[in-house]
Amino acid sequence: SCIDPHLPTVMQGLHPLLCRPVNYNNPTSLKNHTELLRSFEVLGRARLDDVLSFVINRFTLPATKHGSLLILRHFVNSLDDVLEDKKPLIMSSVNTLLDEQDLKLRKALMQLIMSMAHKDYLALEGGQALVRFIAKQCSTKVKDSDKPENPAAKTGNEKTTPRQIRAAGNHI
């Protein structure tokens, strides 16, 4: 197809933009973020193997893990009709991230696992490890100095706290 020679360049240009924080109070920022995810969805429908490989390979780079988790969650939610034979690859890739210490990444990983649960991924090999990961988040140590924050003031630059991780785990 005519996009083949340009696909790596397009993905390399779009991916870093998804790694940036989203300002949820700015409609333009939120719309841009949504359109970036949709761009990856369109690319995924056209060249699933190449796009999925690109996204999963970004798990090895600390600066790009978060963006890849967001894209993968979007894929699980929106490309379910074409991902059936890719589920084992996605499961094994996500399982490599279960020792993640960064709280922002753990939160994104929990959100991805919840999307995966709704699409029956947890019944596959490795699913029990994802359930254990979620359960483990319920025991995240919280300091008394961790104050609950105002959810209406989300600008995208907030630091994820142990309290948020624990609360999310308990909510699930």
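Everything below is about the structure shown above.
Residues numbered from 1 in each chain as written. Predicted model: local features only at pLDDT ≥ 70, side-chain atom pairs only at ≥ 80, totals over all residues. Heavy atoms only, no water.

## Description of the packing of aromatic side chains
Worth spelling out the cut-off: Any two of the Phe, Tyr and Trp rings considered here, Trp counted by its six-membered ring, make a pair once their centres fall within 6.5 Å; the pair's planes then place it as stacked at under 30 degrees, edge-to-face at over 60, or tilted in between. Note on geometry: a ring has a charge over it if NZ (lysine) or CZ (arginine) is within 6 Å of the ring centre and within 35 degrees of the ring normal.
In total, this model carries zero aromatic pairs according to the counting rule given. The ring of Tyr-121 carries Lys-87 above its face, with NZ or CZ at 4.9 Å from the centroid.

## What about helix H6 (residues 103–118)?
Cut-off, in case you're wondering: The numbering of helices and of strands both runs from the N terminus, where a helix is a DSSP run of H or I of at least 4 residues and a strand a run of E of at least 2. To estimate how far a helix should reach, multiply one less than its number of residues by 1.5 Å. Only protein chains enter the accessibility calculation, which uses a 1.4 Å probe; a residue whose area is less than 20% of its type maximum is buried, one above 50% is exposed, and one in between is partly exposed. Polar contact is the term for a pair of N or O atoms within 3.5 Å; when the atoms are in protein, one must be able to donate a hydrogen and the other to accept it, and sequence-neighboring residues count only if both atoms are side-chain atoms.
In this model, H6 (16 residues) spans 23 Å end to end at C-alpha, consistent with the 22 Å of a helix rising 1.5 Å per residue. Every buried residue of H6 is accounted for by Leu-103, Leu-105, Arg-106, Ala-108, Leu-109, Met-110, Leu-112, Ile-113, Ser-115 and Met-116. Here H6 starts with a cap whose side-chain oxygen sits 3.0 Å from the backbone nitrogen of Lys-104, and that cap is Asp-102. After H6 finishes, the residue Asp-120 shows a positive phi value of roughly 65°.

## Side note on the pattern of salt bridges
Any two side chains of opposite charge can pair, so long as their charged atoms come close to each other. Let me state the cut-off plainly: A carboxyl oxygen of Asp or Glu within 4 Å of a side-chain nitrogen of Lys or Arg is what we treat as a salt bridge.
Following the criterion strictly, the structure yields eight salt bridges and no others. Salt-bridge contacts for Arg-38 lead to Glu-35; the nearest nitrogen and oxygen are separated by 3.8 Å. Highlighted residues: Arg-38 and Glu-35, both in helix H2 (residues 27–46), separated by three residues, approximately one helical turn. For Arg-38, a relative accessible area of 47% gives the class partly exposed.

## Concerning empty space enclosed by the protein
Which entries qualify depends on this criterion: Points on a 1 Å grid, built from protein atoms alone, make a cavity when a 1.4 Å probe fits but cannot get out and make a pocket when they are open with protein on both sides within 12 Å along at least 5 of 7 lines; residues with an atom within 4 Å of a point are the lining residues. Grid points are joined across faces, edges and corners, and a volume is the space filled by probe spheres set on the points. All residues other than Ala, Val, Leu, Ile, Met, Phe, Trp, Tyr, Cys, Pro, Asp, Glu, Lys and Arg, Gly among them, are scored as polar; the first ten of these are nonpolar and the last four charged.
Inspection of the entire model under this criterion finds one cavity of 30 Å³ or more. Put simply, the largest cavity is a space of about 30 Å³. Every residue lining the largest cavity is listed: Lys-65, Leu-69, Leu-97, Glu-100, Leu-105, Arg-106 and Leu-109. Counting only elements with at least two residues in the lining of the largest cavity, the list comes to helix H4 (65–78) and H6. The dominant element in the lining of the largest cavity, judged by the number of residues it contributes, is H6, at three residues. Of the residues that constitute the lining of the largest cavity, the class distribution is four nonpolar, no polar and three charged.

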